[in-house]
Amino acid sequence: MFSALMDAARNSPFKTPFTKAQCDAPAGPLVRGRTIAAAASEEVEFGSTKFFLLCGVGGIISCGSTHTFVVPLDLVKCRLQVDQAKYKNVFHGFKLTLAEDGAKGLVKGWAPTFFGYSAQGAFKFGLYEVFKVQYANMLGEENAYLYRTWLYLGASASAEFFADMALSPFEAAKVKIQTTPGYANTLREAFPKMMGEEGVMAFYKGLVPLWCRQIPYTMMKFACFEKTVELLYAYVVPKPRDQCSKGEQLLVTFAAGYIAGVFCAIVSHPADVVVSKLNQAKGSSAIDVAKQLGFMGMWNGLMPRIIMIGTLTALQWFIYDGVKVALNIPRPPPPEMPESLKKKLGVQ
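For clarity, every value in this text was computed on a predicted model and none was experimentally measured.

> Would you take a moment to explain the overall build of the chain for this structure?
What the chain contains, in helices and strands, is 15 helices and 0 strands. Split into buried and exposed, the 348 residues of the chain put 53% on the buried side. Sequence-distant contacts, at least 24 apart, represent 77% of the contacts inside the chain between residues at least 6 apart. As displayed, the chain offers around 15700 Å² of accessible surface, 66% of which is attributable to carbon and sulfur atoms.

See the structure below:
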């Protein structure tokens, strides 16, 4: 499998910028079979098994750490979604949680959040790189450039489909811990209790609405981020990417991530509300919950989620890109039109 991926990666149009630009290293002779420049440290070969695995490690670090960091806000957001009569708004939600459970109550559900989103991050980012290479190779160099937005959308949707299978059990436990008073305080308490009450389906009954929430979210997250980076370098950043320092490039990454995060939150919010309510209500289906909430009810807690997801998405991209810098993983510059296409279109 990986030998086929490596062959696809070597022929991928997304490889071209790495080998011809090498924006993060001084120019120098390249050694066959690996990307290395004179007086620079060895870089991981693009499309190798190590490349995809390290991208997965970057996903674990970026998703696991950021989601755990915003657990207090996520807890209040979930409670707003399932019981707006009790939790009037974000500030009231924090105040009430502190009054009832103390400061410790704000970190309820940190363990399923950390383990669940670490697993999801490995699949999300690792498989995105795999599918992007595969789909680009299937399309060919010219079509991969012309239809790159569709390529980003397809690769991210494919990756998230598998990522949510890893996340679902932990997400179900997290929501139970955070929104059902007295049910469980830890992941070790929640898992066996859920298994005893509803069996294995307790962990996967929210998978379909989770797909409905996460796949549009991830498609927006990756496609919007990739296009925003491209536009920022084209129209906002006053110098080409290869003339920017790594710090300046990471700032562009953070800005593009935040912009993408705002759109992500809006697109995926109704499904997020349904997931929260569904995992709280035993024996209900996603359709039952949606009917009960109504259209307006599915927008409960939107503002804290915009703040949370915007910040979270920006930090995820910043950390992921930072991990790539630290581990010498190839980081593609914005895509350029292939020379063959320039000739066809008469572009100079």
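> Looking at this model, I keep getting lost on the packing of helix α4 (residues 71-82) against helix α8 (residues 148-179). Mind explaining?
Helices that pack against each other are described as a pair by the angle of their axes relative to one another and the distance between those axes. Contact pair α4 / α8: the axes reach a minimum separation of 10 Å and the direction vectors enclose 75°. Considering their axes alone, α4 and α8 lie roughly perpendicular with respect to each other. On the side of α4, the interface is formed by V71, D74, L75, C78, R79 and V82, while α8 contributes K174, Q178 and T179. Among the residues making up the contact of α4 with α8, the classes are represented as 4 nonpolar, 2 polar and 3 charged.

> How should I be thinking about helix α13 (residues 286-297) in this particular structure?
When the terminal C-alpha atoms of α13 are compared, their 14 Å separation across 12 residues is substantially less than the 16 Å that a helix rising 1.5 Å per residue should span. Within α13, burial applies to V289, L293 and G297. Buried residues of α13, seen end-on, are gathered within an arc of 20° and therefore sit on one face of the element. Exposed side chains of α13 directed beyond 90 degrees from the buried face belong to I287, K291 and F295.

> So what exactly am I meant to see when it comes to a nonpolar patch on the surface here?
On the surface, a cluster of nonpolar side chains totalling about 440 Å² of accessible area is made up of F254, Y258, M303, I307 and F318. The set of elements that each furnish at least two residues to the nonpolar patch consists of α12 (246-280) and α14 (302-326). A total of 3 residues in the nonpolar patch trace back to one element, the largest contributor, which is α14.

Each value, and the rule that gives it
- Every chain begins its residue count from 1, and numbering advances along the sequence as written.
- Reporting of local features is limited, given that this is a predicted model, to residues whose pLDDT is at least 70; pairs of side-chain atoms are given and counted only at 80 or more, and all residues count toward the totals for whole chains, interfaces and linings.
- Only heavy atoms go into the side-chain values, all of them from the structure, while hydrogens and water stay out.
- Numbering goes from the N terminus for both helices and strands, where a helix is a DSSP run of H or I of at least four residues and a strand is a run of E of at least two.
- Any residue under 20% of the maximum accessible area for its type is buried, any over 50% is exposed, and the rest in between are partly exposed; the area is computed with a 1.4 Å probe on protein chains only.
- A contact between two residues is defined here by any heavy atoms of the two lying within 4.5 Å.
- What sets the accessible areas is the Shrake-Rupley method with a 1.4 Å probe; for residues, cover comes only from the shown protein chains.
- To define axes, lines are fitted to C-alpha atoms, for helices over the stretch in contact only, and angles between the resulting N-to-C directions are given on a 0 to 180 degree scale.
- Any angle from 65 to 115 degrees is called roughly perpendicular, while one under 35 is roughly parallel, one over 145 is roughly antiparallel, and all others are oblique.
- Basically, the charged four are Asp, Glu, Lys and Arg, the nonpolar ten are Ala, Val, Leu, Ile, Met, Phe, Trp, Tyr, Cys and Pro, and anything else, Gly included, counts as polar.
- Given the number of residues in a helix, its expected span is that number minus one, multiplied by 1.5 Å.
- Arc definition: it is the arc formed by the directions from the helix axis to the C-beta atoms.
- Patches were defined on residues exceeding 30% relative accessible area and lacking a salt bridge, with like-charge contacts within 9 Å and nonpolar side-chain contacts (Val, Leu, Ile, Met, Phe, Trp, Tyr) within 5 Å.
- Definition used for salt bridges: Asp or Glu carboxyl oxygen within 4 Å of a side-chain nitrogen of Lys or Arg.

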